[in-house]
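What follows is each chain in one-letter form.
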Amino acid sequence: MITVHHLENSRSQRILWLLEELEIPYELKIYKRDAKTSLAPPALKAIHPLGKSPVITDDGRVIAETGAIVDYIVTKYGMGRLVPHANTDEHLRYVYWSHFAEGSAMPPLVMRLVLGAAGERAPFLLRPVAKLIGKAINDSYLGPTIENIFDLMDNELENGGWFAGTAFSAADVMMSFPVEAAVTRGGLGNRARLKDWLSRIHARPAYQTALQKGGPYAYA
């Protein structure tokens, strides 16, 4: 049986959701973040050397990285569900957006978060300078990059309503985290298709069940 080593308020919420969508039984071990640093506890390093989540164990294997875990689950247990047929345009879209979530969408969002935190945590006398540097990077690079990324995402949903076409897939599970992260960091602007998509995934029974089992989730 799959064991999910789940860290509260983390990317591993998507793994719980995927397992609930596929109705795959699993064991859940929940880890709490440090109250002061928000970092994962040392206990996760006993599972994987990086000490981060998500990570699963199954049949003696340890699998880390959200995309790798999703691929492992749908390949071994999915029986063709939540993945478009191979050699189709839908499958190409599925592969692209499954990688896009962590490869293109999340890095600038994380960079913006880190720069903002650095400005707030810098020594008092250096704080104004740190904030000015962060603002300059955001205005000249991060802001335009993020806007372009989310315009692309919103436009893609015009072609069927889901990221791989007309049917919900594991690519939508992967894409949930960057969209939720954007909502908590300033919203989605006037991107109506993304807002509608987010409302629909949040309304899915499997999503709600995963939330109940996974505990606190601050949407990135």
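To start, this report covers the structure provided alongside it.

About the cut-offs
- Residues numbered from 1 in each chain as written.
- Predicted model: local features only at pLDDT ≥ 70, side-chain atom pairs only at ≥ 80, totals over all residues.
- Heavy atoms only, no water.
- Axes fitted to C-alpha atoms, helices over the stretch in contact; angles between N-to-C directions.
- Helix = DSSP H or I, 4+ residues; strand = E, 2+ residues; numbered from the N terminus.
- Parallel < 35°, antiparallel > 145°, perpendicular 65-115°, else oblique.
- Left-handed = near helix turned anticlockwise from the far one by under 90°.
- Contact = heavy atoms within 4.5 Å.
- Nonpolar A, V, L, I, M, F, W, Y, C, P; charged D, E, K, R; others polar.
- Pairing = 2+ DSSP bridges.
- Right-handed = clockwise from strand over helix to strand, strands pointing away.
- Phe/Tyr/Trp six-rings, centres within 6.5 Å; stacked < 30°, edge-to-face > 60°.

## Considerations on the packing of helix α1 (residues 13-22) against helix α5 (residues 170-184)
For any two helices packed against each other, one specifies the crossing angle of their axes together with the interaxial distance.
Inference 1: One way to put it is that α1 packs onto α5 with a least axis distance of 10 Å and a crossing angle of 155 degrees. Compared by their axis directions, α1 and α5 come out roughly antiparallel. Note that α1 runs across α5; the crossing there is right-handed. Judged by residue contacts, Arg14, Trp17 and Leu18 of α1 engage Ala170, Asp172, Val173, Met174, Ser176, Phe177 and Pro178 from α5.
Inference 2: Of the residues belonging to the contact of α1 with α5, the class tally is seven nonpolar, one polar and two charged.

## Focus: the pairing of strand β2 (residues 26-31)
Inference 1: Pairing analysis gives six bridges linking strand β1 (residues 2-7) to β2, with the strands arranged parallel. Within the sheet, the bridge partner assigned to Ile2 lies in β2 and is Tyr26.
Inference 2: For the crossover that starts at β1, traverses α1 and ends in the parallel β2, the hand is right-handed.

## Details of the packing of aromatic side chains
Inference 1: If you walk through the whole model with that rule in mind, you get eight aromatic pairs.
Inference 2: Their ring planes at 40 degrees and their centres at 5.6 Å tell us that Tyr96 and Phe100 sit as a pair that is tilted. Taken together, the positions of Tyr96 and Phe100, both in helix α3 (residues 89-121) and four residues apart, correspond to about one turn of that helix.
Inference 3: Ring centres of Trp162 and Phe168 lie 5.4 Å apart, and the angle between their planes is 80 degrees; this geometry places the pair in the edge-to-face category.

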